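Fold and contact review
The residues making up each chain are set out below.
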Amino acid sequence: MTQDELKQAVARAALDYVAEGDIIGVGTGSTANFFIDELGKQSHRIKGAVASSEATATRLKSHGITVFDLNEVERLSVYIDGADEINSRGAMIKGGGGALTREKIVASVADRFICIADASKLVDVLGKFPLPVEVIPMAVAAVGRRLAALGAVPTLRMKDGSPYLTDNGCQIIDASGLQITDPSTFEVKVNDIPGVVSVGLFARKGADVCLLGTAGGVKTLMF
């Protein structure tokens, strides 16, 4: 199976975690897009969704799915999103699509985080994928120095020759060269750096379930 076929398989499997009449949280990225497209075929089943990015909101609306502002919602039954990396304990690196802060906020309101990913995303140690860190623009250089002191190689994310801007108007430093053996502790260390909005480590509140697309079918990992 191709990587896209694996993503589509886990997207379909995630529909089993969507309860009738609920409002759900939906993530950002290529795997989340497959889920949105599958959800759109059954949009009548849910009351609506909270989006983790403007791009996700646009895609949900294109399928006729009502998009709620998070301030209108007290709780979400599930948050469904992909991961750039996930380990055997459900800790993840996320933010390759630039929506890490909003993803973390929406996930925090959900009863369960359902991660959907292809088998290549399962790793023993997090860090091969560069760790995204969303930063207040004036703090980019200062945060970069602090990340370097933690052993990372910081690179400012660029787009079309200019710093990439998130939906929040902030910038992203991608921290490469890491081996994150204690994700929860490292998440706290990075979040404590002045100027950091959020780090793309989802360890203190990681996934509850991972639907992993493999050549042998969708495997369910519980954490």
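In what follows, the structure referred to is the one given above.
Residues numbered from 1 in each chain as written. Predicted model: local features only at pLDDT ≥ 70, side-chain atom pairs only at ≥ 80, totals over all residues. Heavy atoms only, no water.

In terms of strand pairing, strand S14 (residues 209-214) meets strand S15 (residues 217-222) through six bridges, oriented antiparallel. Considered in S15, the bridge of Leu211 is made with Thr220. (Pairing = 2+ DSSP bridges. Helix = DSSP H or I, 4+ residues; strand = E, 2+ residues; numbered from the N terminus.)

With 12 residues, helix H1 (residues 3-14) extends 17 Å between its outermost C-alpha atoms, agreeing within 8% with the 16 Å of an ideal straight helix rising 1.5 Å per residue. The set of residues buried in H1 consists of Leu6, Lys7, Val10, Ala11, Ala13 and Ala14. Relative to the axis of H1, the buried residues are bounded by an arc of 160° and lie together on one face. (Expected span 1.5 Å × (residues − 1). Buried < 20%, exposed > 50% of the residue type's maximum accessible area, 1.4 Å probe, protein only. Arc of directions from axis to C-beta.)

What follows is about the packing of aromatic side chains. The geometry of two aromatic rings is summed up by the distance between their centres and the angle between their planes. For the structure on display, the rule yields two aromatic pairs. A centroid spacing of 5.1 Å and a plane angle of 80° characterise the contact between Tyr79 and Phe113, whose relative ring orientation is edge-to-face. Here Tyr79 is found in strand S3 (residues 76-81), whereas its partner Phe113 is found in strand S6 (residues 110-118), with 34 residues between them in sequence. Residue Phe113 is classed as buried on the basis of its relative accessible area, which comes to 0%. Seen in terms of ring centroids, Phe113 and Phe202 are 6.4 Å apart; in terms of plane orientation they differ by 80°. Their pairing is edge-to-face. (Phe/Tyr/Trp six-rings, centres within 6.5 Å; stacked < 30°, edge-to-face > 60°.)

Turning to the nonpolar core, a few remarks are in order. Ranked by internal contacts, the top residues of the largest apolar core, which has 24 residues, are Ile24, Phe35, Leu39, Leu60, Ile80 and Leu211. The set of elements that each furnish at least two residues to this core consists of H1, strand S1 (23-26), helix H2 (30-40), strand S2 (48-51), helix H3 (54-62), S3, S6 and S14. Setting aside anything within four residues of it in sequence, one finds Leu39 in contact with Leu15, Ile24, Ile46, Leu60 and Ile65. The next biggest cluster of nonpolar side chains, apart from the first, holds 23 residues, and it includes Leu147, Ile180, Phe186 and Ile193. (Core = buried A, V, L, I, M, F, W, Y, C linked by side-chain atoms within 4.5 Å. Contact = heavy atoms within 4.5 Å.)

These results come straight from atomic positions and should not be treated as a statement about function.
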